Amino acid sequence: MMDLLLTYDVDTTDPGGARRLRRVAKLCEGYGLRVQKSVFEIVADEADYLRLLARIDEIIDTERDSVRIYRLPHHGLAAVQTCGTARLESHRDDLIV
């Protein structure tokens, strides 16, 4: 399993952009936890990671939108520091955060 931080910026200046934004968000919700409006923490195996990449590539407009995926160290999501209203949530059954 790998810990991932996924961020996206979808150009919503036209109706197609708004649709892409909803589709990217819905896709990401199926893989991980939304921690900010356009930021997801994801724990995935290699197969899920490759499926996620393929689906993102099908959805976004590569000339207008941006998706960044950071591979974190193993259990890196357990070492997150938050401030303000952010809440820590467990991504694995064996973690206590």
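What counts as what
Residue numbers restart at each chain and count upward from 1, following the sequence in its written direction. With the structure being a predicted model, the display of local features is reserved for residues of pLDDT at least 70 and the display and counting of side-chain atom pairs for 80 or more, all residues being used for whole-chain, interface and lining totals. In computing side-chain properties, one takes all heavy atoms of the structure into account and sets aside hydrogens as well as water. UniProt positions are given in the numbering used here, feature names are shortened, and annotations may be inferred rather than shown by experiment. Secondary structure elements follow DSSP: runs of H or I of four or more residues count as helices, runs of E of two or more count as strands, with numbering from the N terminus. Relative accessible area decides the class of each residue, using a 1.4 Å probe on protein chains only: under 20% of the type maximum gives buried, over 50% gives exposed, and in between gives partly exposed. Pairs of residues are marked as contacts when any of their non-hydrogen atoms sit within 4.5 Å. Polar contact is defined as a pair of N or O atoms within 3.5 Å, subject to the rule that within protein one atom must be able to donate a hydrogen and the other to accept it, and that residues adjacent in sequence are counted only when both atoms are side-chain atoms.

- An unreviewed UniProt entry lists the protein under the name CRISPR-associated endoribonuclease Cas2, from Streptomyces cheonanensis.
- You can read under Sequence similarities (unreviewed entry) in the UniProt record for the protein the words "Belongs to the CRISPR-associated endoribonuclease Cas2 protein family."
- For the record of the protein, the UniProt heading Cofactor (unreviewed entry) holds the text "Mg(2+)".

### Some words on the environment of Val 67
For step 1, the next point in the chain: For Val 67, the location among the structural elements is in strand 4 (residues 66–72).
For step 2, the next point in the chain: We classify Val 67 as partly exposed; its relative accessible area is 24%.
For step 3, the next point in the chain: Along the backbone, Val 67 and Tyr 31 are 36 residues apart, and their C-alpha atoms lie at a distance of 15 Å.
For step 4, the next point in the chain: Among all residues touching Val 67, those that are not within four sequence positions of it are Leu 6, Thr 7, Tyr 8, Ile 56 and Ile 60.

### What to know about the side chain of Asp 3
For step 1, the next point in the chain: Within the secondary structure, Asp 3 sits in strand 1 (residues 2–9).
For step 2, the next point in the chain: Owing to a relative accessible area of 0%, Asp 3 belongs among the buried residues under this scheme.
For step 3, the next point in the chain: A distance of 2.8 Å separates the side chain of Asp 3 from the backbone nitrogen of Gly 76, its partner in a polar contact.
For step 4, the next point in the chain: A polar contact is formed between the side chain of Asp 3 and the backbone nitrogen of Leu 77, at a distance of 3.0 Å.

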